[in-house]
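Each chain is listed here by its residues.
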Amino acid sequence: MNTSKTFQKRKEDFLCGHCGLAVMGNGYTNHCPRCLYSKHVDVFPGDRLAVCGGLMEPLSCEKERGQEKLIQRCIHCGMVRKNKVHEQDDFEALLELARKRVARS
Ligand SMILES: [Zn+2]
Ligand SMILES: [Zn+2]
């Protein structure tokens, strides 16, 4: 995909690589609140050091110490990571993930 160069240096706002939503970053959000995809740009959360750039696909969600966590897997390199769920995330999309989890177990 050919993204414009002006866009690369901006940490916060990004276009969702999956559904195309323009996501307004607030310093914490690194995934799309609508489809819950993000991009593999971090080695550790927030560092933006990964060069992979693959799409991180939401696999499931789970509760960890009272906090909902999103499990995402990079469709490019296969790395799995956990991501905090944010208030603005689409509740239906989260429910969908929860349903998938139940269906698998
Ligand atoms: Zn999206
Ligand atoms: Zn990756």
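Data block above holds the structure.
The rules behind each value
- Residues numbered from 1 in each chain as written.
- Chains lettered and ligands numbered in written order.
- Predicted model: local features only at pLDDT ≥ 70, side-chain atom pairs only at ≥ 80, totals over all residues.
- Heavy atoms only, no water.
- Helix = DSSP H or I, 4+ residues; strand = E, 2+ residues; numbered from the N terminus.
- Contact = heavy atoms within 4.5 Å.
- Buried < 20%, exposed > 50% of the residue type's maximum accessible area, 1.4 Å probe, protein only.
- Donors = N, O, S within 2.8 Å, 3.2 Å for Na, K, Ca; no water.
- Tetrahedral: all angles 85-135°; square planar, octahedral: opposite > 155°, others 65-115°.
- Salt bridge = Lys/Arg side-chain N within 4 Å of Asp/Glu carboxyl O.

Draft legend 1. Region of interest: the environment of L21. Examined against the element boundaries, L21 turns out to sit in the loop between β1 (14–15) and β2 (22–23). Distance in space between the C-alpha atoms of L21 and P33 is 8.8 Å, their sequence separation being twelve residues. Excluding anything up to four places from it in sequence, L21 contacts F14, L15, C16, C32, P33 and R34.

Draft legend 2. Local environment of unusual backbone geometry. In this structure, L36 is a non-glycine residue whose phi angle is positive, near 70 degrees. Residue placement: L36 occurs in the loop between β2 and β3 (38–39). Despite not being glycine, R65 shows a phi value in the positive range, around 45 degrees. R65 sits in the exposed class, given a relative accessible area of 80%.

Draft legend 3. Up close: the coordination of the zinc ion (ligand 1). Donor atoms from the polypeptide that bind the zinc ion (ligand 1) are C16 (SG), C19 (SG), C32 (SG) and C35 (SG), placed at 2.2 to 2.3 Å. Coordination at the zinc ion (ligand 1) is tetrahedral, judged from the four donor atoms that bind it and the angles of 102 to 116 degrees they form at the metal. All donors of the zinc ion (ligand 1) belong to a single chain; written as a sequence motif, their spacing is C-x2-C-x12-C-x2-C. Of the residues examined, C19 reaches a relative accessible area of 29% and is grouped as partly exposed.

Draft legend 4. Region of the structure containing the coordination of the zinc ion (ligand 2). Taken together, the protein donors to the zinc ion (ligand 2) comprise H40 (ND1), C52 (SG), C74 (SG) and C77 (SG), at separations of 1.9 to 2.4 Å. One can describe the site at the zinc ion (ligand 2) as tetrahedral: its four donor atoms subtend angles covering 104 to 120 degrees at the metal. The motif formed by the donor residues of the zinc ion (ligand 2), counted along the single chain, is H-x11-C-x21-C-x2-C.

Draft legend 5. Local environment of the pattern of salt bridges. Tallying each qualifying case throughout the model produces five salt bridges. Between E57 and R73 there is a salt bridge, with the nearest N and O atoms lying 3.8 Å from each other. One end of the pair, E57, is in strand β4 (residues 55–64); the other, R73, is in strand β5 (residues 67–74), and 16 residues separate them in sequence. Among the salt bridges present, the one from E96 reaches R99, with a minimum N-O distance of 2.7 Å. With a gap of three residues between them, E96 and R99 both fall in helix α2 (residues 91–104), about one helical turn apart. Residue classification places R99 among the partly exposed positions, given a relative accessible area of 45%. Several salt bridges share partner residues, and in doing so they unite E62, E64, K69 and K82 into one network.

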